[in-house]
Amino acid sequence: MKGTMISAEMIAPCGLNCSLCKRALAEANPCPGCHGPNENKPEFCAERCGIILCRKRIERGYKYCDECPDYPCADVMEKETRYTSKYPLYESPGKNLRDIRKFGMEKFLEAEQKQWICKECGHIISVHTGICSGCGKQYGAQIMQINEDTWRIEDGTVRFFLLKGTEKALLIDSGMTIRHAREIAEALTGLPVFLLNTHSDRDHTGCNEQFEFFYMHPADEAHYRSSGKGNRLIPVKDGDEMDLGNRKLRIIHLPGHTSGSIAVLDISRRVLISGDPLQEHGHIFMFGEHRNMKDYIESLEKLDKMKADFDEIWPSHGDLPIYPDCIRKHCDGAKQILNKEIKGTEKEVFGQKIKVYHIGETAFLYDK
Ligand code: SF4
Ligand code: SF4
Ligand SMILES: [Zn+2]
Ligand SMILES: [Zn+2]
Ligand SMILES: [Zn+2]
């Protein structure tokens, strides 16, 4: 049912907000929520959920599980782990209960209403799909498996990657709006997860502070710190190799888009995870203090000589995959822009006057 209001009856004993459930938002036979009659509930919630069946809860009349001395029991923990890691949007039943105690049900519902109502049409967004039940707009991250040990996570206009080896997993960037990249990575791989950033721009570092330390080229540290983030940077440099266990990666320093931009070569898979310097049907930001068009051109000249090492390029924006022939096109286009051989159109971005130059399918945003 296309919902617009989140009500107290839809808050399950564990704290889960059933209003956000895809079954409660279904057009046909919507689930009435955990407290409702079993009719129209899926089989699991009607007959197998340990929280619903819990004798202690029923006999002692606990409305919410946090009244129970055994809280949080294994069933509650399973639900907490699932909802904080498996779905495109983040929902913590445990935090819901804490907020209800701290602020009262009315304030809690007000906050939920703000968080889960679609800005475009006023209907509820499903936690399970990230899709608005009214207009179909996609919110949150979409987790897509590329092959058995690689995932792409689409977070609005940016994407980041999760690579699994036999011993550890690596997140390459941490998203923009998402708040639980680490939990997603741990749940998908079951391995210790480390973080490496292609560069310091904010659309790539959203969840960085979930990690005590992260790998990045040190030339981007000052820009990274300008957003107030304090966790520890472990520097990487051109030519460094990382081994995730039977999966070796090589760092390629490509200054230009930012001074510390890097690409990651997944050596045996022959894939280059490129960050922002290469994009098709995307916008390459080359305006502002920490960009440098001359460095960018030099970087692409260097990368063009390495193109025999990879068959596909996976960028952070635009089409995926793209192919090594785009390096030459981007490099020649950037030279034409720098030498003023082509004309750009004026535009204002972030309050700054810039010019947009179209090179094939790619738009370069440059300030000269
Ligand atoms: S299916 Fe389960 S989780 Fe979803 S609304 Fe119904 S009771 Fe709640
Ligand atoms: S926390 Fe207590 S009441 Fe809730 S399901 Fe577990 S044992 Fe039952
Ligand atoms: Zn909507
Ligand atoms: Zn960037
Ligand atoms: Zn970006």
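Below, the structure is looked at part by part.

Parameters and conventions
- Residues numbered from 1 in each chain as written.
- Chains lettered and ligands numbered in written order.
- Predicted model: local features only at pLDDT ≥ 70, side-chain atom pairs only at ≥ 80, totals over all residues.
- Helix = DSSP H or I, 4+ residues; strand = E, 2+ residues; numbered from the N terminus.
- Buried ≥ 20, exposed ≤ 12 C-beta atoms within 10 Å, placed from the backbone.
- Contact = placed C-beta atoms within 7 Å.
- Pairing = 2+ DSSP bridges.
- Axes fitted to C-alpha atoms, helices over the stretch in contact; angles between N-to-C directions.
- Parallel < 35°, antiparallel > 145°, perpendicular 65-115°, else oblique.
- Near = placed C-beta within 6 Å.
- Nonpolar A, V, L, I, M, F, W, Y, C, P; charged D, E, K, R; others polar.
- Right-handed = clockwise from strand over helix to strand, strands pointing away.
- Core = buried A, V, L, I, M, F, W, Y, C linked by C-beta atoms within 7 Å.

**Details of the overall build of the protein chain**
Summing up its helical and strand segments, the protein chain has 10 helices and 16 strands in all. Expressed as lengths along the three principal axes of its C-alpha atoms, the size of the protein chain is roughly 75 × 45 × 35 Å. Per-residue burial for the protein chain yields a buried fraction of 41% across its 368 residues. Taking all contacts inside the protein chain whose residues are at least 6 apart in sequence as the whole, residues at least 24 apart take part in 51%.

**Topic: the pairing of strand E14 (residues 345–349)**
Walk down a regular strand and you will see the side chains alternate between the two sheet faces. With respect to burial, E14 is a largely exposed element, only zero of its five residues being buried. Strand direction decides the pairing type here: E14 and strand E15 (residues 352–359), joined by five bridges, are antiparallel. Note that in E15 the partner of lysine 347 across the bridge is isoleucine 354. A loop of two residues connects E14 with E15, the two strands running antiparallel in sequence, and phenylalanine 350 in this loop sits at a positive phi of about 50°.

**What to know about the packing of helix H5 (residues 93–103) against helix H6 (residues 105–116)**
As a packed pair, H5 and H6 sit with axes 7 Å apart at the nearest point and diverge in direction by 130°. Taken together, the axes of H5 and H6 lie oblique to each other. Every residue of H6 that contacts H5 at Asp99, Ile100 and Phe103 is listed here: Met105, Lys107 and Phe108.

**Examining the site of ligand 1**
Every residue near ligand 1 is listed here: Ala12, Cys18, Cys21, Arg23, Ala24, Cys31, Gly33, Cys34, Lys41, Pro42 and Cys45. Residue composition of the shell around ligand 1, grouped by class: eight nonpolar, one polar and two charged.

**Describing the site of ligand 2**
Near ligand 2 lie 13 residues; those nearest to it are Cys54, Arg57, Cys65, Cys68 and Cys73. Elements supplying a minimum of two residues to the shell around ligand 2: helix H3 (55–60) and helix H4 (74–85). For the shell around ligand 2, a count of residues per class yields nine nonpolar, no polar and four charged.

**Points about the pairing of strand E5 (residues 193–196)**
For strand E4 (residues 169–172) and E5, the ladder comprises four bridges, and the chain directions are parallel. Paired with leucine 171 across the strands is leucine 195, a residue of E5. On the question of chirality, the crossover connecting E4 to the parallel E5 by way of helix H7 (residues 181–189) is right-handed.

**Observations regarding the sheet that holds strand E8 (residues 241–243)**
The mixed open sheet is built from five strands, whose spatial order is E8-E9-E10-E11-E13. Every other strand in the sheet has two partners, leaving E8 and strand E13 (312–315) as the edge strands with one partner each. Between one strand and the next, the sheet's axes are offset by a mean angle of 25°, whatever the strand orientation. As defined by bridge partners, strand E10 (residues 262–266) adjoins strand E11 (residues 271–275) across three bridges and the pair is classed as antiparallel. Opposite aspartate 266, over in E11, you have valine 271 as the bridge partner.

**Concerning the nonpolar core**
Counting 59 residues, the largest nonpolar core has Leu171, Ile172 and Val264 as its most contacted members. Cys34, Val76, Leu109 and Ile125 belong to the second-largest nonpolar core, a separate cluster that totals 31 residues.

**With respect to the sheet that holds E14**
Reading across from one edge, E12-E16-E15-E14 is the order of the four strands in this open sheet, with mixed pairing throughout. The open sheet has two edge strands, strand E12 (283–286) and E14, and neither has a second partner. Averaged over all adjacent pairs, the angle separating strand axes in this sheet is 35°, with direction ignored. Each of E15 and strand E16 (362–366) is contacted by helix H10 (residues 325–338), which is oriented at about 35° to E16, the strand it contacts most.

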